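# Secondary and tertiary structure notes
Spelled out from the first residue to the last, the chains are:
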Amino acid sequence: MTEPERNVLGGELQPCGTEPLTGFYRDGSCSTGPDDLGSHTVCTVVSQEFLEVQRELGNDLSTPRPEYGFPGLRPGDRWCVVAARWLQAYRAGAAAGVVLAATNARALDVVPLAALRQHAVDVPDDVSSLE
């Protein structure tokens, strides 16, 4: 049996979103593996600003691409984004909100935890309750 994937807080990786169904493996989770070359590991709540910056950077997340099972995103959708793409938006001042409990620990290979925490949308004052 394989060990469950961990989130950036050290706990078990939580689901990110099912409407639309997200994840590299389209399983609702930001799980990753050897096939996921882009590292779709940051669970975000996308904003209009984030979507616009992504489009400007050549990563159109708004337009449906049915051939890839991709519905196109709207503000408020939860989506597992490529860690490097999230970091680009962060550096451009347009980072999407981050669901830390659903963000894969592998995202830390690319994005500093402090940056993710700045945009966390799921952290109570007492983080010990997340463990």
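Here, the structure is the one placed above.
Residues numbered from 1 in each chain as written. Predicted model: local features only at pLDDT ≥ 70, side-chain atom pairs only at ≥ 80, totals over all residues. Heavy atoms only, no water.

### Section: the sheet that holds strand E2 (residues 78–82)
Whether parallel or antiparallel, the strands of a sheet pair through hydrogen bonds between backbone atoms. If you trace the 3 strands from one edge of the open sheet to the other, you get E2-E1-E3, paired in antiparallel fashion. The open sheet has two edge strands, E2 and strand E3 (97–98), and neither has a second partner. The pairing of strand E1 (residues 40–45) with E3 spans 2 bridges and is classified as antiparallel. Within E3, the residue paired with threonine 44 across the bridge is valine 98. Along the sheet, helix H2 (residues 83–91) makes contact with E1, E2 and E3, crossing E2 at roughly 95 degrees. (Pairing = 2+ DSSP bridges. Helix = DSSP H or I, 4+ residues; strand = E, 2+ residues; numbered from the N terminus. Contact = heavy atoms within 4.5 Å. Axes fitted to C-alpha atoms, helices over the stretch in contact; angles between N-to-C directions.)

### Focus on unusual backbone geometry
Along the chain, glutamate 19 connects to proline 20 via a cis peptide bond; the corresponding omega equals 0 degrees. Residue position: proline 20 is located in the segment before E1. We note that arginine 26 has phi near 50 degrees; this positive angle belongs to a residue other than glycine. When you line up the elements, arginine 26 lands in the segment before E1. Although it is not a glycine, serine 39 adopts a positive phi angle of roughly 60 degrees. The residue serine 39 is located in the segment before E1 in this model. A relative accessible area of 15% places serine 39 in the buried class. (Buried < 20%, exposed > 50% of the residue type's maximum accessible area, 1.4 Å probe, protein only.)

### Quick look at the pairing of E1
Note that E1 and E2 share 5 bridges and pair antiparallel. Across the sheet, residue valine 42 finds its bridge partner in E2, namely valine 81.

### Some remarks on the layout of surface pockets
In this structure, the largest pocket encloses a volume near 390 Å³. Tallying contributions element by element places E2 first for the lining of the largest pocket, with 4 residues. Across the lining of the largest pocket, the residue classes tally to 8 nonpolar, 6 polar and 4 charged. (1 Å grid on protein atoms, 1.4 Å probe; cavity = no way out; pocket = protein on both sides within 12 Å on 5 of 7 lines; lining within 4 Å. Points joined across faces, edges and corners; volume = space filled by probe spheres on them. Nonpolar A, V, L, I, M, F, W, Y, C, P; charged D, E, K, R; others polar.)

### Describing the environment of glutamate 12
Along the chain, glutamate 12 turns up in the segment before E1. With a relative accessible area of 45%, glutamate 12 lands in the partly exposed category. The sequence separation of glutamate 12 and alanine 102 amounts to 90 residues, and the corresponding C-alpha distance is 8.6 Å. Excluding anything up to four places from it in sequence, glutamate 12 contacts Pro4, Glu5, Arg6, Asn7 and Ala101.

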